[in-house]
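Examining the three-dimensional arrangement
The primary structure of each chain is shown beneath.
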Amino acid sequence: MGVEITTTRIEDAAKWAKQSLVEKASNWGRKFSLFSYPFVTACCGMEFMSVAGPKYDLARFGAEFPRFSPRQSDLLMVVGTITEKQGPALKRVFDQMAEPKWVMAFGVCASTGGFYQNYSAMPGCDQVIPVDVYVPGCPPRPEQVLDAIIILMDRIQSGRGHSQLRTKREDIIAAQQAGEIVE
Amino acid sequence: MAQKVLDGLLKHHGSAVERTGSQHGDEIAWIKRDQLLEVARWLKTDPSMLFDAPVFVTAIDWLDYRPLNRPPSEAWAEGKPRFTVCYQLRSQTHRHRIRLEIELPETDPRLPSLSSLWPAFDWQERETFDMYGIKFDAHPDLRRIYMYEEFVGYPLRKDYPKEKRQPLVRRDDLPLNPIKAPGHGDR
Ligand code: SF4
């Protein structure tokens, strides 16, 4: 069986329309059972507690269960300031997660470094790991986080998360090497 | 408030005190670094002093310092030692305070460690070393405390570029050591 290469969003959407039923079903399952790993380093953690608590209730979106082991989770929430010293630890946590996995940068510190533009703070955790969805705000309001979860769920369903795309790319490369590519 | 501490210092260790002063109700004594240990030991043990509570130790970098009311042409900092290390001490018994300031030249920023007298200064001296590169002689374990071992330079010195980052790890598609435009960060 050949693998098709898609380059634009439209082609991608067309491809999604042709997604196999199995893939659609598994993505549907994935998007409603996100197990999050909160990598909480700073003040944004308070907002994470609020959004995970009963009032805003992340559980409505099936992401209620924080697993404190990266091996059992598929959504890495980077909540708070990441310093250069923490970089290797963050990368290691990300590498330990099983595929497919998604990353949310929670707050401006995790997205861009925020107002910490100095020798110690990393300018966004996307310097070290690929981020799927950024939530601005210092700290973000819980509604924004819920919005980000919904955007991420869309992305998971259409197979456009970073790790899903990477898997596809690897399939394409493997198919190219096997000489069965369909242009 | 603590004038009697200064008086006692001048009486017993007059040769060690360069000058004295007072600021915002805190008495300050500028001490010669060769005699710091001896002065500190006296301050800790003398029954009229009994400084048993170490408050903080930190350093000041005077590079390019100029008071606000002076014109830029006046190089105020010229000839002035670059670093000042401050030890703030307090006595719980007598309820008085004193600040010891030690001036250090840029070329040889080292002074005796006081962590043998007040163990609480151990980590604070490490922090001062980490941030300013002040060497504390006879410190039990003078390593970086906040920054990582790979870090080059001392980040709170005034000549450290303020957004210069020294990444330990980057994504595979990003350079670990990006070439930076002067005056900009590592983005
Ligand atoms: S974005 Fe604001 S609230 Fe969140 S970690 Fe940074 S400083 Fe704290």
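Residues numbered from 1 in each chain as written. Chains lettered and ligands numbered in written order. Predicted model: local features only at pLDDT ≥ 70, side-chain atom pairs only at ≥ 80, totals over all residues. Heavy atoms only, no water.

Time to look at the overall build of chain A. Helix and strand counts for chain A come out as 7 helices and 6 strands. Buried positions account for 45% of the 183 residues belonging to chain A. By sequence separation, contacts in chain A at least 24 residues apart represent 77% of the contacts at least 6 residues apart. When the accessible surface of chain A is summed, it comes to about 9200 Å², and 59% of that surface belongs to carbon and sulfur atoms. (Helix = DSSP H or I, 4+ residues; strand = E, 2+ residues; numbered from the N terminus. Buried < 20%, exposed > 50% of the residue type's maximum accessible area, 1.4 Å probe, protein only. Contact = heavy atoms within 4.5 Å. Areas by Shrake-Rupley, 256 points an atom, 1.4 Å probe, with all protein chains shown as cover.)

In low-pLDDT segments, the atomic positions of the prediction should not be examined closely. Residues and elements named next belong to chain B. Averaged over chain B, the pLDDT score is 85; the fraction of residues at 70 or greater is 88%. Every residue in residues 181–187 scores below 50 in pLDDT, and together they form 13 contacts with partners more than four places removed in sequence or on other chains. Reported confidences for the modelled complex are a pTM of 0.82 and an ipTM of 0.77. (pLDDT = per-residue confidence, 0-100.)

Now for the site of the ligand. Surrounding the ligand, one finds Ala42(A), Cys43(A), Cys44(A), Gly80(A), Thr81(A), Val108(A), Cys109(A), Phe115(A), Gly137(A), Cys138(A) and Pro139(A). For the shell around the ligand, the residue count by class is 8 nonpolar, 3 polar and no charged. (Near = heavy atom within 4 Å. Nonpolar A, V, L, I, M, F, W, Y, C, P; charged D, E, K, R; others polar.)

To continue, consider the nonpolar core. Leu43(B), Tyr87(B), Leu100(B), Leu111(B) and Ile134(B) are the most contacted members of the largest nonpolar core, which totals 39 residues. Of the residues forming this core, the biggest block, 5 residues, is contributed by helix α2 (residues 36–45) of chain B. Setting aside residues no more than four positions away along its own chain, Leu43(B) makes contact with Val5(B), Leu9(B), Met49(B), Leu50(B), Phe51(B), Leu89(B), Ile98(B) and Leu100(B). With 22 residues, the next largest nonpolar core counts Leu58(A), Phe61(A), Trp102(A) and Phe106(A) among its residues. (Core = buried A, V, L, I, M, F, W, Y, C linked by side-chain atoms within 4.5 Å.)

At the interface, 19 residues of chain A touch 22 residues of chain B. It is Glu84(A), Tyr119(A) and Gln127(A) in chain A that bury the most area against chain B; as a group they hold 43% of the surface buried on that side. For the interface between chain A and chain B, the tally reads 1 salt bridge. Among the salt bridges present, the one from Arg170(B) reaches Glu84(A), with a minimum N-O distance of 3.0 Å. On the surface where chain A and chain B come into contact, there are 8 residue pairs in polar contact (both at pLDDT 80 or more). (Buried area = accessible area lost by both parts, 1.4 Å probe. Salt bridge = Lys/Arg side-chain N within 4 Å of Asp/Glu carboxyl O. Polar contact = N/O pair within 3.5 Å; in protein donor to acceptor, adjacent residues only side chain to side chain.)

This part covers the side chain of Ser91(B). All names here are of chain B. Looking at where serine 91 falls in the secondary structure, it is placed in the loop between β4 (83–90) and β5 (97–104). By relative accessible area, which is 0% here, serine 91 ends up buried. A polar contact is formed between the side chain of serine 91 and the backbone oxygen of leucine 50, at a distance of 2.9 Å. For serine 91, the contacting residues outside a window of four places in its chain are Met49, Leu50, Phe51, Asp52 and His96.

Our focus in this paragraph is helix α4 (residues 87–96) of chain A. Residue and element names in this part refer to chain A. Among all positions of α4, only Gly87, Leu90, Val93 and Phe94 are buried. Take α4 and look down its axis: the buried residues cluster within an arc of 130°, on one side only. Residues of α4 that are exposed and angled more than 90 degrees away from the buried face: Arg92 and Asp95. Where α4 is buried, its residues meet β2 (36–40), β3 (75–79) and β4 (102–106). (Arc of directions from axis to C-beta.)

What follows concerns the side chain of Glu27(B). On the secondary structure map, Glu27(B) appears in strand β2 (residues 26–31). A distance of 3.2 Å separates a polar atom in the side chain of Glu27(B) from a polar atom in the side chain of Ser22(B).

Residue and element names in this part refer to chain A. Within the open sheet, the 4 strands sit side by side as β2-β3-β4-β5. Their pairing is parallel. At either margin of the open sheet sits one strand with a lone partner, and together these are β2 and β5 (133–135). Recorded for the sheet is a direction-independent mean angle of 20° between the axes of neighbouring strands. With respect to the sheet, helix α6 (residues 142–157) is in contact with β3, β4 and β5, its orientation differing from that of β4 by roughly 160°. (Pairing = 2+ DSSP bridges. Axes fitted to C-alpha atoms, helices over the stretch in contact; angles between N-to-C directions.)

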